[in-house]
Each structure stands twice: as structure tokens, then as C-alpha cells.
Amino acid sequence: MKMKKPFAAVMAAMLLASSATGVSAGKDERKGMEIAFKDTGGMHWVKDSIGRMKSKGIFQGYGDGLFQPYKPVTRLQSVITVVRLLGLEEEAKATAVGAPLNFKDVNSINEKYYGYLSVAIEAGVLEAEGDSFNAYKPASRLWVSELLVKALGLLDEAAAEAGETPEFTDTATLSAAQSGFVNVAADYDIFAGTVEGAFKPNDPITRAQMAAVLDRTYGALLEVEGALAVNGTVTGTDFSASPGTVTVRDFTGAEATYFIPSDLLVQFGTRFLTADQIQAGDVVELFVEEGVVTEAAIYDGAAEEVLQPGLQRVKVEAELADGTEFELSYRFKKGQEVGSIEIEGPEGESEEKGAEALASIGEYLAAWQLTPDMTAEAFEAAIAASFTSEIEELEASALFADGTKLKVDDEEEEAETGFLGVTEFEVSAEFPDGDSFKAKYKNEGGEADAEIVTEEGGVEAEAAESEAAVQLEAWLTALALTPDVEPAVLQEAVAAAVGITVTETAAFDVEVTFAGGEKVKSAFEMEEAEDEDDEENEEETETVPE
């Protein structure tokens, strides 16, 4: 998903409108906009993220100076913030009020938010399904992980990791598809889990947590779009022309100069300075697109030396022939290095973190000699040489500052093809007289599971599995479905193939899952007279996240 970037003007206006007072950080007296709330003072893990999300107009505080960090975020609010993150809010506002939506509970949603949902559907962030949206239900961490992975346009990666149990203590019962989304969210450091290693998939996500994951998603968006990450020390600036320039010496000692708008807001702790206040000696992280800085931050206490200049991230997971499991994780971000090593084997378990881990990681990196032009084969061979026992399974990846990625995955299998590109197919019909029809088909690894069950006049009949598979594959052959099929077209075609007239049913549902992870749903339900006792949708008017 390519995001638009309307933030610069918004942020500059915020800075100009604020009372720019000198805010001291040590001896630093540069003026900027301080972003702080009365109730986030002790939340050091998320203060920067809250400030960054406020500066971009994605989250705001309340009129009493509070952020209410522990307040749950609803599903509707989650979608609104993601639309803003993608730079699509103006498009959402321009979308006509009352834009058609295919949710069963659409009437419970304030029409002024239809545009946000419509834009989210168009962007592939939300499914245009007939099921209830539950706009005012607190969004779970699992639901938000799927939302953000889709916002990043990483459906293929989620499909590739579907069925692989995430490395959290409480995710073993997730479905294959859910596991894929959680795995990708963890791979991109969007969700980190608790200290105990739990993901807590069903817990409502709070405003503080949402600010953190949105902030990480923004960084991932820049990475996905190929922005160049530059970490180093500023050696000079020139704002005599527009745009200005900033020259940075990275950790290899090389210098490079980039264009930078003078009114770009640069984060410095919990405050924001305009770019023309950047000074020589500042340690910065820049994101550069086509030679122009689009995001910048100044950091205190940045590492004076790094293990391998130009290396942003390394992750290695290996299973050895002697039963040892090895996992190494390294990341250089925001001027700091973090890493960990976990080893579990016949002789016991060990874990290294902090300085101890970085020292060991330094030895591995020195031996591997990773470079952006290294082949996957050379990457794998370098890692294999570090172990005395043969590697049976290996997953490894590395990301460089120039955007180059290395990847090795011995477990990676060919994409599931299913039957004619369909891995799951479900049809159900209920009739006013109580009769029903249900058909299910699933194809994994070329093996089909199928069932067809009918109920007529109170008598239930079930076709043999082999017969059901033949019949369902015949229908799929005739339908020739593709992931871009419209729900209405899907409904009409399937009904014709099965021999059902949709308008004669009380309910008719179709769901198709394709090999690439795409899912198309269609639902029909006979209209009933309004029930005055139905108060489910009588909820208080939703407000845009503040």
C-alpha cells in the first residue's frame, strides 16, 4: 500500500500555531513544540510514539490535557487511524456520505464515517464482507495485527507464514490465517508481546498500545516503500535555499548530502523542531526517498560505534542435526543497537541479552562478513560455517541501510495452489420452510476434504466424501473463480451452479479462499420487519479518535 504524505503542512501548521518555547534538553535550548500529556509522564516506552502520532494528526489528546492511554480503541477508531496513517483521510472525507457498504450492521454506524470504511476497503485494509463490522466493539490485538499487515500490503507474506505457530506463549490455538498475520506483525516489529512472551491476541488494544503499533507501522511503511535509512552524525546544513540540505557522516565514515524541507518537523525526544534547527554534531536517523528527507529524528546517547556499519537488521533461526535450536536477533534503529541470542539444545538452554548479546553477535557478524551484494547461497554458507553440526532447517534475513535484503528460508514451500487456485469453498443456504443446504471444500497439498449436507422436510442427508469432492470440484471448474470476483457476481454464479434461486432463500452465504490468501465473501439475508425491541445498535455516537 503506497501511502500519501500530507503530514508536512499539517505538522508545520501545528508548530507555528503552538507557542514555541525554549525547551531545554541538557544545554540544548532550541525551540520546538513540546508534546506531552498529564497522564503519560511515566510511560517512557511509548511517549515518543504518542508524540509522533499526535504530530502527524493521527491521534490527539482530550481537552483536559489527558491522553487516556489505557482507554480501549474501537474497531471503527482503529480503521480511522490507519486511514490517516496511509495519508488517505482527505480522500475519506471527500467520499460521499452514505457510501454503499456491505456490512449487515451498517445502519448502526454514523454515516459521516462511511468514507473511512469505504477507503479502507478500497485500499485492501478491510474486507468488503457481508458480516457485521461491530464498529463500536473494542478492537483486539489480533484484529489490529491483521489490519496493519494489510495496510503494509503484506498479504503474500502472511499467506506464506500461515499455519506456522507464532513464537508467543499463547498463540498455539490461532487459525492458520491468524498465525500468518501475527507472524508478519512480529517480523516487522509491529507487535513485540509482553515480558512473559505472550501476545494476548484477544485483549482489547489500548490507546497507548495503538499509538506504539501505528508508529512502528509507519516505520515499516517507509521500509516497504524502499526509503533509504540513514544513521549518522550531521556535519553541516544549508538552508539558504528551499529546500535546504543536510550532510551526514554515517558509521562507515562516508558523507552524503540530502535535500530536506526547512519546515519538516524533526523529533527530538518528546518535542519537535523544524529541520532548519538541525545542527552539526546532531546524531540523526533520516529516511530518504529520491534524495529528499521525508522523515527525521535527533537522538541523545546514540551509539558511538556499531557492530557493522550499514546493517539495519539481522535475524537467524536454525535447527541443527544434533537437536540444537539457535536464534539470533539484531537491530540498529534510532541510533541504538539491540540484540539477543537464544540457544536450546541437548546441553540445556541459554539466553543472552544486552551488552553480552551484542558482543557475541559482533563475533558472528565478523565471521559472516555480510554485504548487500551477497547471494542467498553465500549467506547460507557463511551461517553454516559457524556451527559444528549440520543445519537441517534455516530461516535467515538481513536488511541493509540502502534497502537491500538478504533472505534464506529452507522451510519455504511452494505456494499452495489448491484446486484451480481455490483452497477453501463454502456454500450454505437456509429456506423459509426450515430446509437447508451446506457444502464445504478444502484442498491442502493436493488433498481434498469435502462434504455436502442437505436437510429437507426434517430429514438430513449427507453425500459420501468422495462424491462431495467430485461434485464440488465440478462446480469450481465451471465457475473458474478468480480473486478479483465481485461478491454480487460470486453470489449469482454460485447460486446458478448449485441450482438455487437466491431470492427464495431466507439466507444464502458463499465464501471462497484463494491460494494467495485472498478471500471473497457474499451474503444474502431475507429482510424482516423491524423489531422495536432490537436495541443492539442503539449505541452512543462514535467520535473520531482524539
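The structure displayed is predicted, hence computed values, not measured ones. (Residues numbered from 1 in each chain as written. Predicted model: local features only at pLDDT ≥ 70, side-chain atom pairs only at ≥ 80, totals over all residues. Heavy atoms only, no water.)

## A few points about the overall build of the protein
Part 1 of the reasoning: Looking only at helices and strands, the protein has 13 helices and 21 strands in total.
Part 2 of the reasoning: A buried classification covers 45% of the 546 residues belonging to the protein.
Part 3 of the reasoning: Sequence separation of at least 24 residues holds for 60% of the intrachain contacts in the protein that already meet a minimum separation of 6.
Part 4 of the reasoning: When the accessible surface of the protein is summed, it comes to about 26700 Å², and 47% of that surface belongs to carbon and sulfur atoms. (Helix = DSSP H or I, 4+ residues; strand = E, 2+ residues; numbered from the N terminus. Buried < 20%, exposed > 50% of the residue type's maximum accessible area, 1.4 Å probe, protein only. Contact = heavy atoms within 4.5 Å. Areas by Shrake-Rupley, 256 points an atom, 1.4 Å probe, with all protein chains shown as cover.)

## Quick look at the sheet that holds strand E12 (residues 336–345)
Part 1 of the reasoning: Strand order in this open sheet of six strands is E13-E12-E11-E10-E14-E15, and the pairing throughout is antiparallel. Among the strands making up the open sheet, the edge pair consists of strand E13 (348–353) and strand E15 (405–409). Each strand axis lies, on average, 5° off the axis of its neighbour in the sheet, ignoring direction.
Part 2 of the reasoning: Pairing of strand E10 (residues 311–320) with strand E11 (residues 325–333) involves seven bridges; the strand directions are antiparallel. Among the inter-strand pairings, glutamate 319 is bridged to a residue of E11, identified as glutamate 325.
Part 3 of the reasoning: The strands that helix H10 (residues 354–368) touches are E10, E11, E12 and E13; relative to E12, the one it contacts most, it runs at about 85°. (Pairing = 2+ DSSP bridges. Axes fitted to C-alpha atoms, helices over the stretch in contact; angles between N-to-C directions.)

## Considerations on helix H2 (residues 47–55)
Part 1 of the reasoning: Among the residues of H2, Ser49, Ile50, Gly51, Arg52, Met53 and Ser55 are the ones counted as buried.
Part 2 of the reasoning: Following H2 by one or two positions, glycine 57 adopts a phi angle in the positive range, close to 75°.

## So, H10
Part 1 of the reasoning: In this model, H10 (15 residues) spans 21 Å end to end at C-alpha, consistent with the 21 Å of a helix rising 1.5 Å per residue.
Part 2 of the reasoning: Inspection of H10 places Ala357, Leu358, Ser360, Ile361, Gly362, Leu365 and Trp368 among the buried residues, and these make up the whole buried set.
Part 3 of the reasoning: On the buried face of H10, the contacting elements are E10, E11, E12, E13 and helix H11 (376–384).
Part 4 of the reasoning: Of the residues one or two after H10, glutamine 369 is the one with positive phi, at around 50°. (Expected span 1.5 Å × (residues − 1).)

## Quick word on the pairing of strand E9 (residues 292–298)
Part 1 of the reasoning: In terms of residue burial, E9 counts as a mostly covered element, since five of its seven residues are buried.
Part 2 of the reasoning: Looking at chain direction, strand E6 (residues 265–268) and E9 are connected through two bridges and run parallel. Bridge pairing links phenylalanine 268 to isoleucine 298 in E9.
Part 3 of the reasoning: Sheet topology places strand E8 (residues 283–289) next to E9; six bridges connect them, and they run antiparallel. From the neighbouring strand, valine 288 faces E9, where its bridge partner is valine 293.
Part 4 of the reasoning: Connecting E8 to the next strand, E9, in antiparallel fashion are two residues, including glutamate 290 with a positive phi near 55°.

## What to know about the confidence of the model for the protein
Part 1 of the reasoning: Taken as a whole, the protein shows an average pLDDT of 83; of its residues, 87% reach a score of 70 or greater.
Part 2 of the reasoning: In this model, residues 5–27 is a region of pLDDT below 50 whose contacts with residues beyond four sequence positions or in other chains number 38 contacts.
Part 3 of the reasoning: Overall, residues 529–544 carries pLDDT values under 50, and its contacts beyond four positions in sequence, including any with other chains, amount to 15 contacts. (pLDDT = per-residue confidence, 0-100.)

## Structural notes on the packing of H2 against helix H9 (residues 207–224)
Part 1 of the reasoning: Where H2 contacts H9, the two axes come as close as 8 Å, and the packing angle between them is 70°. Looking at the two axes, H2 sits roughly perpendicular to H9. Each of Ser49, Ile50, Arg52 and Met53 in H2 lies in contact with H9, whose residues at this interface are Ala211, Ala212, Leu214 and Asp215.
Part 2 of the reasoning: Here the residues of the contact of H2 with H9 are counted per class, giving five nonpolar, one polar and two charged. (Parallel < 35°, antiparallel > 145°, perpendicular 65-115°, else oblique. Nonpolar A, V, L, I, M, F, W, Y, C, P; charged D, E, K, R; others polar.)

## So, the pairing of strand E19 (residues 459–462)
Part 1 of the reasoning: Pairing between strand E18 (residues 447–456) and E19: four bridges, direction antiparallel. Note that in E19 the partner of threonine 454 across the bridge is alanine 461.

## Examining the packing of aromatic side chains
Part 1 of the reasoning: Considering all chains together, one arrives at twelve aromatic pairs under this definition.
Part 2 of the reasoning: Between phenylalanine 168 and phenylalanine 199, the aromatic rings sit 5.2 Å apart at their centres with planes inclined by 45°, giving tilted as the arrangement. Of this pair, phenylalanine 168 sits in the loop between helix H7 (155–160) and helix H8 (176–187) while phenylalanine 199 sits in the loop between H8 and H9; the two residues are 31 residues apart in sequence, bridging distant segments of the chain. The pair formed by phenylalanine 168 and phenylalanine 199 is uniform in burial state, with each residue classed as buried.
Part 3 of the reasoning: Members of the aromatic cluster, each reached through a chain of ring pairs, are Phe326, Tyr364, Trp368 and Phe387.
Part 4 of the reasoning: Directly above the aromatic system of phenylalanine 199 lies the positively charged group of arginine 141, at a separation of 5.2 Å from the ring centroid.
Part 5 of the reasoning: Over the ring of phenylalanine 67 we find arginine 207, and its NZ or CZ is 4.4 Å from the ring centre. (Phe/Tyr/Trp six-rings, centres within 6.5 Å; stacked < 30°, edge-to-face > 60°. Lys NZ or Arg CZ within 6 Å of the ring centre and 35° of its normal.)

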